[in-house]
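# Reading the structure
Chain by chain, the residues run as shown.
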Amino acid sequence: MGEKLSIIKIGGNVIEDKTQLSHTLSLFSKMEGNKILVHGGGKKATEIGNKLGIEANMINGRRITDSQSLDVAIMVYAGLVNKKIVAQLQSHGTNAIGMSGADANAIQAHKRPVKEIDFGWVGDVDGVNSNGIFNLLQAGFTPIFCALTHDGKGQLFNTNADTIAAELAIGMSGLFETTLFYCFEKQGVLRSIEDEDSVIQHINSETYATLLEEGIIADGMLPKMHNCFHALQNKVKQVCIGNHSMLDAANSNFTTLTL
């Protein structure tokens, strides 16, 4: 398994900032070898939904996806955001192809079971069609995934983009030596929220447990870190967390996670 694959996930803050997005896509285009981009778009979906009179329904900071909200997500994620990114990447010489989980049967999911909360049309991932994605990469295409999956019976689901990135990385790890990159607004996992330069450059299972005990990793970072270690425990080689500058081969000031 000599070939390497990079899977890069970009979030709403990058997508909303045109300058930052342009710089990120430029750096992504310069990355060597096989690569896949995964993007969210929740902020844009909320904005467009509000214009259409469809308000976002959140419980405990998590989006409830009713039928109308799902329609907005499909339009915004797979249409507006995805196609703008694909077009920009073409301008950088990257032969990008826009994807949802339904395209090429790439990511199968089921509706999240109702426990205390019914999240609506939210999908939990069952599997990834790694051979189909491999064929796209071999043909010279760079897949650009939005945050949608499907059940194989005609139903699309809204699915967390961090989770999609992790599941893609896990699914492709049987075919490639895979590195997962989570791009967000900070330079990495910080020892102190107030100090932008307090980047913890390496975290493994032991240091992770210590950081949890000390309360340094908390709140919004918890689900992200859970995704990271879930990926590492399923044969993903390493996970990197930082802002878009970590995609620059010359930069080393970001967080790398290994087992």
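As a reminder, the structure under discussion sits directly above these lines.
Residues numbered from 1 in each chain as written. Predicted model: local features only at pLDDT ≥ 70, side-chain atom pairs only at ≥ 80, totals over all residues. Heavy atoms only, no water.

## A word on empty space enclosed by the protein
Applying the stated criterion to the full structure yields one cavity of 30 Å³ or more. Put simply, the largest cavity is a space of about 90 Å³. Forming the boundary of the largest cavity are Ala45, Thr46, Gly49, Ile54, Glu55, Ala56, Arg63, Ser69, Val72, Ala73 and Asn158. Elements that contribute at least two residues to the lining of the largest cavity include exactly α3 (42-51) and α4 (67-91). Across the lining of the largest cavity, the residue classes break down as five nonpolar, four polar and two charged. (1 Å grid on protein atoms, 1.4 Å probe; cavity = no way out; pocket = protein on both sides within 12 Å on 5 of 7 lines; lining within 4 Å. Points joined across faces, edges and corners; volume = space filled by probe spheres on them. Helix = DSSP H or I, 4+ residues; strand = E, 2+ residues; numbered from the N terminus. Nonpolar A, V, L, I, M, F, W, Y, C, P; charged D, E, K, R; others polar.)

## Observations regarding the sheet that holds strand β12 (residues 202-203)
With mixed pairing, eight strands are arranged side by side in an open sheet as β5-β8-β2-β1-β11-β13-β14-β12. Either end of the sheet is taken by a strand with one partner, and the two such strands are β5 (96-99) and β12. Judged from the six bridges that link them, strand β1 (residues 4-10) and strand β2 (residues 34-39) form a sheet pairing that is parallel. The residue bridging Ser6 from the neighbouring strand is Lys35, located in β2. Helix-sheet contacts for α4 involve β1, β2, β5 and β8 (142-145), and the interaxial angle to β5 is about 170 degrees. Helix α5 (residues 130-138) contacts β1, β2, β5 and β8 of the sheet and is inclined by roughly 120 degrees relative to β2. (Pairing = 2+ DSSP bridges. Contact = heavy atoms within 4.5 Å. Axes fitted to C-alpha atoms, helices over the stretch in contact; angles between N-to-C directions.)

## Looking at the environment of Lys44
Here Lys44 is to be found in helix α3. Judged by relative accessible area, which is 22%, Lys44 ranks as partly exposed. (Buried < 20%, exposed > 50% of the residue type's maximum accessible area, 1.4 Å probe, protein only.)

## What to know about the packing of aromatic side chains
Scanning the entire structure with this criterion turns up three aromatic pairs. For the pair Phe134 and Phe176, a centre-to-centre distance of 5.7 Å together with 45 degrees between the ring planes defines the contact as tilted. Placement of Phe134 in helix α5 and of Phe176 in the loop between α6 (161-172) and β11 (177-183) is noted, with a sequence separation of 42 residues between them. Exposure remark for Phe134: the relative accessible area of 23% places this residue in the partly exposed category. Aromatic side chains Tyr208 and Phe229 sit 4.4 Å apart centroid to centroid with 15 degrees between the ring planes, which places their arrangement in the stacked category. Placement of the pair is Tyr208 in helix α7 (residues 205-213) and Phe229 in helix α8 (residues 221-232), with a sequence separation of 21 residues. By relative accessible area, Phe229 is classed as buried at 5%. Sitting over the face of the ring of Phe28, Lys35 holds its NZ or CZ atom 5.2 Å from the ring centroid. In this structure, Arg112 is placed above the aromatic ring of Phe119, and the distance from its NZ or CZ to the ring centre is 5.0 Å. (Phe/Tyr/Trp six-rings, centres within 6.5 Å; stacked < 30°, edge-to-face > 60°. Lys NZ or Arg CZ within 6 Å of the ring centre and 35° of its normal.)

## Notes on the layout of surface pockets
Of the volumes computed, that of the largest pocket is approximately 1,400 Å³. Lys9, Gly61, Asn160, Ala161 and Asp162 are, among the 39 residues lining the largest pocket, the residues nearest its centre. Looking at the lining of the largest pocket, the elements that each hand over two or more residues are α1 (12-16), α3, β4 (62-64), β7 (123-128), α6 and α8. If you tally residues by element for the lining of the largest pocket, the top one is α8, at six residues.

## Topic: the nonpolar core
Counting residues in hydrophobic clusters, the biggest one holds 72 residues, and the most contacted among them are Leu168, Leu180, Ile203 and Met225. In this structure, Leu180 is in contact with Ile7, Ala165, Ala166, Ala169, Ala231, Val236, Gln238, Val239 and Cys240, ignoring residues within four places of it in sequence. (Core = buried A, V, L, I, M, F, W, Y, C linked by side-chain atoms within 4.5 Å.)

## Considering the pattern of salt bridges
On inspection of all chains with the given rule, the structure shows nine salt bridges. For Glu47, the salt bridge is made with Lys44, and the minimal N-O distance between the two is 3.4 Å. Of the two residues, Glu47 and Lys44 both sit in helix α3, three residues apart, roughly one turn of that helix. One network of salt bridges, in which partners are shared, links Lys4, Glu177 and Lys237. (Salt bridge = Lys/Arg side-chain N within 4 Å of Asp/Glu carboxyl O.)

## With respect to the side chain of Asn34
Relative to the helices and strands, Asn34 resides in strand β2. A polar side-chain atom of Asn34 sits 2.9 Å from a polar atom in the side chain of Glu3. Once you skip the residues sitting within four places of it in the chain, Asn34 turns out to touch Glu3, Lys4, Leu5, Ser6, Leu137 and Phe176. (Polar contact = N/O pair within 3.5 Å; in protein donor to acceptor, adjacent residues only side chain to side chain.)

## Here's the deal with unusual backbone geometry
Notably, Ala104 is not glycine yet its phi reads approximately 55 degrees, a positive angle. Tracing the sequence through the fold places Ala104 in the loop between β5 and β6 (107-111). Assessed through its relative accessible area of 47%, Ala104 is described here as partly exposed. Of note, the phi angle at Asp219 is positive, near 50 degrees, even though the residue is not glycine. Within the element layout of this structure, Asp219 appears in the loop between α7 and α8.

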